[in-house]
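# Report on the structure
If you want the building blocks of each chain, they are given just below.
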Amino acid sequence: MTTKLASLQAWVDQVAKHTQPDTIYWCSGSDDEYQQLVRKMLEDGTLSALNEETHPNCYLHLSDPNDVARVEHLTYVCTETEEDAGQNNNWMSPADGHAKMDELFAGCMRGRTLYVIPYCMGPIGSRFSRCGVEITDSPYVVINMKLMTRMGAEALARIEKEGTFVKGLHSTGDLDPERRFIMHFPNELSIMSIGSGYGGNALLGKKCHALRIASYQARQEGWLAEHMLIVGLESPEGAVHYIACAFPSACGKTNLAMLIPPAELHDWKVWTLGDDIAWLHPDETGKLRAINPESGYFGVVPGTNPKTNKNAYDMIMHDAIFTNVATTDDDEPWWEGKEDGTPARDWQGRDYKEGNGPAAHPNSRFTVSAKNNPCYSNLADEPEGVPISAIVFGGRRKNVAPLVYEAKSWEHGVLVGAGTASETTAAMVGEVGVIRRDPMAMKPFCGYNFADYWSHWLSFKDRTKHLPKVFNVNWFRQNDDGDFLWPGFGENLRVLQWIIDRCEHRAGARETAIGYLPHPYDINTIGLDISAEALDELTSIDSVQCRNEMISLGEYMQSYGNRTPAELLRQQQKVLKALDEEIANA
Ligand code: GTP
Ligand code: SPV
Ligand code: MN
């Protein structure tokens, strides 16, 4: 396979000349090709086979111990001016970015194979989908892209027809963190990534294309590219509502997207559309419609067990790639929170010893095709996507944020999204458990200035007649002993039920300064083991804490200077004033 598209051929030739690979291989995306690459990697030790009986077609990859998560400090957006990238991004001028990357890429593929991966983000036939080509020297990236995207011949055919595509150049380089960079050139629709073979740094269709480049394009073209799951919730009456939820990395998207209803809500059905990324477009009827650009999952392994997420647990029993998990004596994958088996070797391949830290890396991941998911929606391939009833923001907060509340308007909802803050997780390199601002869960992924991004969000007021309602959730409130107040996982459906009932104007709430909160009795707790005190705490707010939070949000938004939309600051002042009144009346 090669291509009849001259611009693509010219780019591949030029990259090959610069990086000096031994061989060039055009990926067809076939199952045979996948198996051949797996065999090659089993031979050279890049992969090892897991227990064939319990985990057919499952493989383990242990990455370099220095290369286990996204590297936000080495991720850059190269726009003409620094202002356009915004303080939410690291910036380099396009000229400097190119100079740096050209130097690092020179000769980097000597002795290696250059793989050309044509891919399509979104259903092949959808007008909302966008194509790209990733060039990589990592066969591990190729097999992951096969599971995560619509990759190969069909994508190439669409690229040749359209003539445009996002160019993604990737090399694992020498894995030295000093020579690792993930660089984006949004105006050129191009990405260059070197020095990492891990997840979001290397599978360029995902965060680099479908979020950073796509968010930049979406602003120019009037749509949204977001770090959101998409899930369909079918009530016992057969009505289906689709909701899109933006939670920061490792804060519960995959789990919510394939939730299993608790016994008391057994007559509800849950359908997964996507677990990480949503592309949202206003349609002709004034609704917001969503597609999932991906076709597989790169999900957090630790914590997955038959009680927390049976769908995910079953889904990764076959045809899955495990990265950085531990293994048992009989080569079954093992991780913290699996609640079955004992580790024999840890994620670095060493004999497991308790003093060496967790057996599986906290950011160990599974890669599987969405076809493995027992509740994959039959609308996931629908070219027009699904209409969204509610947008839900959330984060990991020990305190301050209640279990759930509803924003008072679209503009207020944008403030709620902009105010998302969350404890950091192992998904990125750095300290874990520190609260940081993560507006719309897009801090690592917005390809341009956040102030312009907030204006873009506000602009949907005029673009879209039937805007979704906006909510905020927090599954991670803790008591003084550090226990979670809310059981989470499947029980989260009880909160989603309230959200849907609010959309249908049939659930109660009380108005507070920060939005509409449920009374404790507005949440369906039939059969739920939760104390009245815990439920009271989950459904109440501390006005003084909220006021401090609002003040710090105001300072944060103003730190973006005069690009910050005045409307957002007006919304913040309004909430602040209401909180002052609440405190005065207390
Ligand atoms: P990314 O793939 O990094 O974007 O993450 P994600 O948002 O998809 O997070 P995921 O669903 O994989 O969850 C991350 C971690 O949070 C896992 O260890 C889960 O077990 C845990 N988790 C998910 N949902 C809940 C919940 O409702 N309650 C609690 N306590 N933990 C949860
Ligand atoms: C995230 O960090 O939000 C992920 C995992 O979804 S990665 O693909 O590595 O970015
Ligand atoms: Mn993510």
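Residues numbered from 1 in each chain as written. Chains lettered and ligands numbered in written order. Predicted model: local features only at pLDDT ≥ 70, side-chain atom pairs only at ≥ 80, totals over all residues. Heavy atoms only, no water.

### Comments concerning the overall build of the chain
- Within the chain, the regular secondary structure consists of 17 helices and 29 strands.
- Taken over the C-alpha trace, the chain has a radius of gyration of 23 Å; the compact-globule value for 586 residues is 25 Å, and the two agree within 12%.
- A buried classification covers 61% of the 586 residues belonging to the chain.
- Nonlocal contacts in the chain, meaning residues at least 24 apart in sequence, comprise 72% of its contacts between residues at least 6 apart.
- Accessible surface computed for the chain: about 22300 Å², of which carbon and sulfur atoms make up 48%. (Helix = DSSP H or I, 4+ residues; strand = E, 2+ residues; numbered from the N terminus. Rg over C-alpha atoms; globule rule 2.2 N^0.38 Å. Buried < 20%, exposed > 50% of the residue type's maximum accessible area, 1.4 Å probe, protein only. Contact = heavy atoms within 4.5 Å. Areas by Shrake-Rupley, 256 points an atom, 1.4 Å probe, with all protein chains shown as cover.)

### Remarks on the site of ligand 2
- Lining the immediate surroundings of ligand 2 are R70, G199, G200, K206, K207, H227, S249, D276, F298, R365, A427 and F445.
- The separation between an oxygen atom of ligand 2 and a polar side-chain atom of R70 is 2.8 Å.
- Protein chains shield 98% of the accessible area of ligand 2, which is 290 Å² for the free molecule.
- Counting atoms within 2 Å of the grid points, the majority share of ligand 2 lands in the largest pocket.
- Breaking the shell around ligand 2 down by element, the ones donating at least two residues are α7 (199-202) and α8 (205-221).
- Its residues assigned to classes, the shell around ligand 2 comprises three nonpolar, four polar and five charged. (Near = heavy atom within 4 Å. Polar contact = N/O pair within 3.5 Å; in protein donor to acceptor, adjacent residues only side chain to side chain. 1 Å grid on protein atoms, 1.4 Å probe; cavity = no way out; pocket = protein on both sides within 12 Å on 5 of 7 lines; lining within 4 Å. Sits in = over half its atoms within 2 Å of the grid points. Nonpolar A, V, L, I, M, F, W, Y, C, P; charged D, E, K, R; others polar.)

### Things to note about the site of ligand 1
- Close to ligand 1 lie 22 residues, the nearest being A250, K253, T254, N255 and R365.
- One of the backbone nitrogen or oxygen atoms of P302 is found 2.9 Å away from an oxygen atom of ligand 1.
- Compared with its free state, where it exposes 660 Å², ligand 1 has 91% of that area covered by protein.
- Given that more than half its atoms are within 2 Å of the pocket grid, ligand 1 belongs to the largest pocket.

### Thoughts on the coordination of the manganese ion (ligand 3)
- For the manganese ion (ligand 3), the full set of protein donor atoms is K207 (NZ), H227 (NE2) and D276 (OD), at a range of 2.2 to 2.3 Å.
- For the manganese ion (ligand 3), the six donor atoms in the first shell make angles of 75 to 174° at the metal, so the coordination geometry reads as octahedral.
- Overall, K207 belongs to the buried group, its relative accessible area being 5%.
- Note on D276: relative accessible area 9%, which makes it buried. (Donors = N, O, S within 2.8 Å, 3.2 Å for Na, K, Ca; no water. Tetrahedral: all angles 85-135°; square planar, octahedral: opposite > 155°, others 65-115°.)

### Remarks on empty space enclosed by the protein
- The final tally for this structure, using the stated rule, is four cavities of 30 Å³ or more.
- Of the volumes computed, that of the largest cavity is approximately 300 Å³.
- For the largest cavity, the lining is made up of 22 residues, of which A401, Y405, G419, N472 and E549 are closest to its centre.
- Taken together, the elements giving at least two residues each to the lining of the largest cavity come down to α11 (410-418), β27 (469-473) and α16 (543-558).
- Broken down by element, the residue count for the lining of the largest cavity peaks at four residues, all from α16.
- The residue makeup of the lining of the largest cavity, split by class, is 13 nonpolar, seven polar and two charged.
- If you add up the space inside the second largest cavity, you get close to 100 Å³.
- If you go around the second largest cavity, you meet 14 residues; those closest to its centre are P248, S249, T424, T425 and R436.
- Across the lining of the second largest cavity, the residue classes break down as five nonpolar, four polar and five charged. (Points joined across faces, edges and corners; volume = space filled by probe spheres on them.)

### A word on the pattern of salt bridges
- Counted according to the given criterion, the structure contains 39 salt bridges.
- A salt bridge links D314 to K310; its shortest N-O distance comes to 2.6 Å. Within this pair, D314 and its partner K310 are both found in helix α10 (residues 306-315), separated by four residues, close to a single helical turn.
- Note on D314: relative accessible area 33%, which makes it partly exposed.
- K398 is the salt-bridge partner of E423, the closest N and O atoms lying 3.6 Å from each other. Of the two residues, E423 sits in strand β25 (residues 421-423) while K398 sits in the loop between β23 (386-394) and β24 (404-406), which places them 25 residues apart along the sequence.
- Taking the relative accessible area as the measure of exposure, E423 reaches 11% and is therefore buried. (Salt bridge = Lys/Arg side-chain N within 4 Å of Asp/Glu carboxyl O.)

### Re the nonpolar core
- By size, the foremost hydrophobic cluster in this structure holds 88 residues, and its most contacted members are W279, I388, Y453, W454 and W457.
- It is helix α5 (residues 139-148) that contributes the most residues to this core, seven residues altogether.
- With residues near it in sequence (within four places) discarded, I388 still touches I230, Y242, I243, A244, L280, L288, A290 and P468.
- In terms of nonpolar packing, the next biggest core, distinct from the first, is built from 37 residues, C245, F247, L259 and W475 among them. (Core = buried A, V, L, I, M, F, W, Y, C linked by side-chain atoms within 4.5 Å.)

### So, the pairing of strand β14 (residues 240-246)
- When you tally the buried positions in β14, you get six out of seven residues, the bulk of the element.
- Where strand β13 (residues 228-234) lies against β14, seven bridges are found, and the strand directions are antiparallel. The partner of L233 across the bridge, within β14, is H241.
- Hairpin geometry of β13 and β14 is characterised by an intervening segment of five residues between the two adjacent antiparallel strands and by a positive phi of about 95° at G238.
- With five bridges connecting them, β14 and β23 associate as parallel partners. Across the sheet, residue A244 finds its bridge partner in β23, namely I391. (Pairing = 2+ DSSP bridges.)

### As for the layout of surface pockets
- Space inside the largest pocket adds up to approximately 1100 Å³.
- Lining the largest pocket are 48 residues, and of these A250, C251, G252, V300 and R396 sit closest to its centre.
- Looking at the lining of the largest pocket, the elements that each hand over two or more residues are α7, α8, α9 (253-257) and β18 (296-300).
- For the lining of the largest pocket, the element with the highest residue contribution is α9, accounting for four residues.

### Observations regarding the packing of aromatic side chains
- Applying the stated criterion to the full structure yields 20 aromatic pairs.
- With a centroid separation of 5.8 Å and 70° between ring planes, the pair formed by Y198 and F298 is classed as edge-to-face. One end of the pair, Y198, is in the loop between β11 (190-194) and α7; the other, F298, is in strand β18, with 100 residues separating them in the sequence. Across the pair, exposure class does not vary: Y198 and F298 are buried alike.
- Residues W454 and Y556 carry aromatic rings whose centres are separated by 6.1 Å and whose planes lie at 65° to one another, so their mutual orientation is edge-to-face. You can see W454 sitting in helix α12 (residues 450-458) and its partner Y556 sitting in helix α16, a full 102 residues away along the chain.
- Looking at W454, the relative accessible area reads 0%, which means it is buried.
- An aromatic cluster is present here, built from F393, W410, Y448, F450, Y453, W454, W457, Y556 and Y560 joined pairwise through their rings. (Phe/Tyr/Trp six-rings, centres within 6.5 Å; stacked < 30°, edge-to-face > 60°.)

### Describing helix α17 (residues 566-585)
- Taking 1.5 Å per residue, 20 residues should reach 28 Å; α17 reaches 29 Å between its end C-alpha atoms and fits that length.
- Inspection of α17 places L568, L569, Q571, Q572, V575, L576 and L579 among the buried residues, and these make up the whole buried set. The buried residues of α17 occupy an angular sector of 155° when the element is viewed end-on, so they sit on one face. Among the exposed residues of α17, those pointing more than 90 degrees away from its buried face are R570, K574, K577, A584 and N585. (Expected span 1.5 Å × (residues − 1). Arc of directions from axis to C-beta.)

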